[in-house]
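# Residue-level structural notes
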Amino acid sequence: MTGLSIEHLSMRFDLPDGGAVQALKDVSLDLKAGELLSVLGPSGCGKTTLLNIVAGFLAPTEGKIVLNGHDVKGPDAERGMVFQQGALFEWMSVRENVGFGPSMKGMPKHDKAKVVNRLLDVVGLQDFKEKAVYELSGGMQQRVALARCLANDPDVILMDEPLGALDALTREKMQSLVLKLWKETGKTIILITHSVEEALLLGERLLVMAPRPGRIHREYRLPFAEMGVGADLREVKKHPEFAQKREEILSMIWDMEEEIMGRQEESA
Amino acid sequence: MIPFLIYAGIFVAAFYMVRFVMERRGRSDYGSLKTVTFGDESAVVSNRYASVISILTIFLLWGMFTGSALLPKFLHAPGPFEGVATFEYTAAVGNDRDTATVTVLVHPISEDATAPQVDPGDGWAKNDSATVGAWRSGLIRVDRNDEIGRDAGAEVIEVDGQKIGPGRSVDTEFGRVGMSPKGTLNFEPRKGWQMEPIWLPAPEAVVSRVIEIAGEGFRGSTLWEHLGYSLFRVVVGFLCGAIVGIPLGYAMGLSNWFRGWFDPIVEFMRPVPPLALIPLVIIWAGIGETGKIILLFLAALWIMAIAARSGVSGVNISKVHAAYSLGASKWQIMRYVIIPNSLPEIFTGARVAMGVCWGTVVAAELVAAEKGAGMMIMVASKFQNTDIVIMGIILIGVIGFGIDMLMRWAERILVPWKGRG
């Protein structure tokens, strides 16, 4: 069977002061191959923990991740990851960064160059391929990170707030690029964000998580990602349903935040 | 005090002069348009004119106060009196007074001189003559040739018409005349403001000594051998320290056990100044090359270990995670992520370690060595060869500076991504 299934995931760890944190509690989810999932939630809801478990950087205390029929035990090239910032290798050129995965696999030089060239074309950085990554702007650096991830041809792409550090204009362009790559490559993508608009635009499915313990609060199926492919994202945002969903989710998150604040005041 | 005042004077005068010239010329770059410069760190750049004038001033003062031949005479600080000095003394036996003249030839201390011939003159006190080296003083037994000497009860009571007695002194035109407790005159010609070469030789004397030692050598080795030995010890000691220290630091950065095991040792040894290890190293390994290299090895080891450790700890976890999810193995993570990521830190450590090693080797050679820059200046100082000492200090400084420049240059070439992460 193809696809990613997250089965009854719980994550609990002890603190040095004797307390314990329930970061995730009984999270289950099935993703079909090629689905685009965005995860949203207030801070502390365990969304990054969830992503790290799927990536294989953390082991859950309960439950498991199954990808294409086998259990996930640790990080692997089948699950690519795009980080917010600072994950590029600044001692390598753009070309070497993008070619990192193929190099690790020992792909012959000629094939590697072809892969790198194709991806640099896709993200529009062909002219910058010999530049050092620190010479590029933030948006370009994230394009490199996307290309580097795609060069390995992973089954699943995990994105941890990849556009969080970009300015609003660059961010919009990058959102279109992510949609385009999703459609063209047919990859399964999990994207974590703290922007409600971004979650709506870049999620066929949208997961709203709640904190303490981290759990799935609500799930949506949305048409906007499909609408946004190759279209002007600003047009999508004008859609009445978009505005209505945005308000709904925003107030949902507001309520959660207020509940957290209230609980903190009680305990204080 | 006076050199300091001159120095401060040049500092202030040069400031106003440069400012005046710059204002006349007019600047229009971005920095000149800033109205807030006091407190704006980026507005403070090293003034190149100030640097040049600063260096020139040091040489100027050095030349002025050593009477350097490189400077025109009118710039010299007043030198010691040289030439023929005279003063009169009055001796008395009871109420019988007589006056005679003392002629003193004050000669450069490097030359021999004979006392000038003088006419004995009339009266029972006869004229005297003597020689005294510049910057020195000399006892003059003025009564030696007098008809009534000290033995006969004559006493010197005045010099140049001013009263003098045992333990007192009189300032004359040519210097100070004092009287010893026994009544002998002591002439100390005026010293001026210049330094005696034995304290501070003139710049050209140092330069000519460099040339001399470069050609003839010092204590059986040429200058280059002395410096080369010091450098050789530093390079070998540093390399040994780096070869052991860097892997140790990596191990400490990558493994709990290694860090726990070596942390107490490294943290304890790091603040121990390498100089404090010299006695122990001499006891264990003697004063030969082995001892020196062990010392420098120990000086570099902890610095390099700590640099490598912090280089590993400083890696952004996202980079490691990214590399793992791109399919890298542990070895590949080491080779392509951890090592390049730690290189900037290691270079910084290497620069510090080279500086410390250079300082340590000189100190170790001061203590005991057969060859080396430190040994050269130590031996020279025992023989009051101040020019060699100053030459040695300057060369040690130049080499230390050169090492640092070389390391910075290597850093720029080899780790251009430093600070860009």
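Residues numbered from 1 in each chain as written. Chains lettered and ligands numbered in written order. Predicted model: local features only at pLDDT ≥ 70, side-chain atom pairs only at ≥ 80, totals over all residues.

## Topic: the domain arrangement of chain A
All names here are of chain A. As assigned here, chain A comprises domain 1 (1–78 + 154–222) and domain 2 (87–153). On a C-alpha basis, the centres of domain 1 and domain 2 stand 24 Å from each other. Between domain 1 and domain 2, the contact holds 13 residues from the first and eleven residues from the second. Considering every element that reaches the side of domain 1 that touches domain 2, the biggest residue donor is helix 6 (residues 168–185), with six residues. Residue composition of the side of domain 1 that touches domain 2, by class: ten nonpolar, two polar and one charged. (Domains from an automatic or database assignment. Contact = placed C-beta atoms within 7 Å. Helix = DSSP H or I, 4+ residues; strand = E, 2+ residues; numbered from the N terminus. Nonpolar A, V, L, I, M, F, W, Y, C, P; charged D, E, K, R; others polar.)

## Here's the deal with the UniProt feature "domain: ABC transmembrane type-1" (unreviewed entry) in chain B
This chain's UniProt record puts "domain: ABC transmembrane type-1" (unreviewed entry) on residues 227–407 of chain B. Here residues 227–407 of chain B is 87% helix and 0% strand, with 19 Å between the C-alpha atoms at its ends. (UniProt positions renumbered as here; feature names shortened; annotations may be inferred.)

## Here we look at the UniProt feature "domain: ABC transporter" (unreviewed entry) in chain A
Mapped onto this numbering, the UniProt entry gives "domain: ABC transporter" (unreviewed entry) at residues 4–236 of chain A. Across residues 4–236 of chain A, the secondary structure splits into 35% helix and 27% strand, with the terminal C-alpha atoms separated by 29 Å.

## Comments concerning the nonpolar core
Grouped together as the largest cluster of nonpolar side chains are 138 residues, with contacts concentrated most on Ile190 of chain A together with Leu296, Ala300, Met304 and Cys357 of chain B. It is helix 7 (residues 289–313) of chain B that provides the largest number of residues to this core, a total of 15 residues. Not counting residues within four places of it along the chain, the set of residues in contact with methionine 304 of chain B comprises Gly241, Ala242, Gly245, Ile246, Gly249, Gly349, Ala350 and Ala353 of chain B. Phe81, Val106, Val132 and Ile140 of chain B belong to the second largest nonpolar core, which has 24 residues in total. (Core = buried A, V, L, I, M, F, W, Y, C linked by C-beta atoms within 7 Å. Buried ≥ 20, exposed ≤ 12 C-beta atoms within 10 Å, placed from the backbone.)

## A few points about the UniProt feature "transmembrane region" (unreviewed entry) in chain B
Residues and elements named next belong to chain B. Here, the residues flagged by UniProt with the feature "transmembrane region" (unreviewed entry) are residues 5–22, 49–71, 231–251, 271–287, 294–312, 346–367 and 388–410. The distance separating the terminal C-alpha atoms of residues 271–287 is 24 Å; by composition the span is 71% helix and 0% strand. Taken end to end, residues 294–312 comprises 100% helix and 0% strand; its first and last C-alpha atoms sit 26 Å apart.

## Comments concerning the domain arrangement of chain B
As far as domains go, chain B holds domain 1 (2–75), domain 2 (83–189) and domain 3 (205–414). Each of domain 1 of chain B and domain 3 of chain B has a C-alpha centre, and the two are 35 Å apart.

## So, helix 10 (residues 373–382) of chain B
All names here are of chain B. Buried within helix 10 we find Ala373, Gly374, Met375, Met376, Ile377 and Ala380. Contacts made by the buried residues of helix 10 are with helix 4 (223–254), helix 9 (330–367) and helix 11 (386–414). Positive backbone phi, at 60°, marks glutamine 384, one or two positions downstream of helix 10.

## Structural notes on unusual backbone geometry
Glycine aside, residues mostly have negative phi, and peptide bonds are mostly found in the trans state. Residues and elements named next belong to chain A. Located in the positive-phi region is histidine 8, a residue other than glycine, with phi close to 45°. Look at histidine 8 and you get exposed, because 12 C-beta atoms sit within 10 Å. Located in the positive-phi region is aspartate 153, a residue other than glycine, with phi close to 50°. With respect to the element layout, aspartate 153 can be found in the loop between helix 5 (138–151) and strand 7 (156–160). Look at aspartate 153 and you get partly exposed, because 14 C-beta atoms sit within 10 Å.

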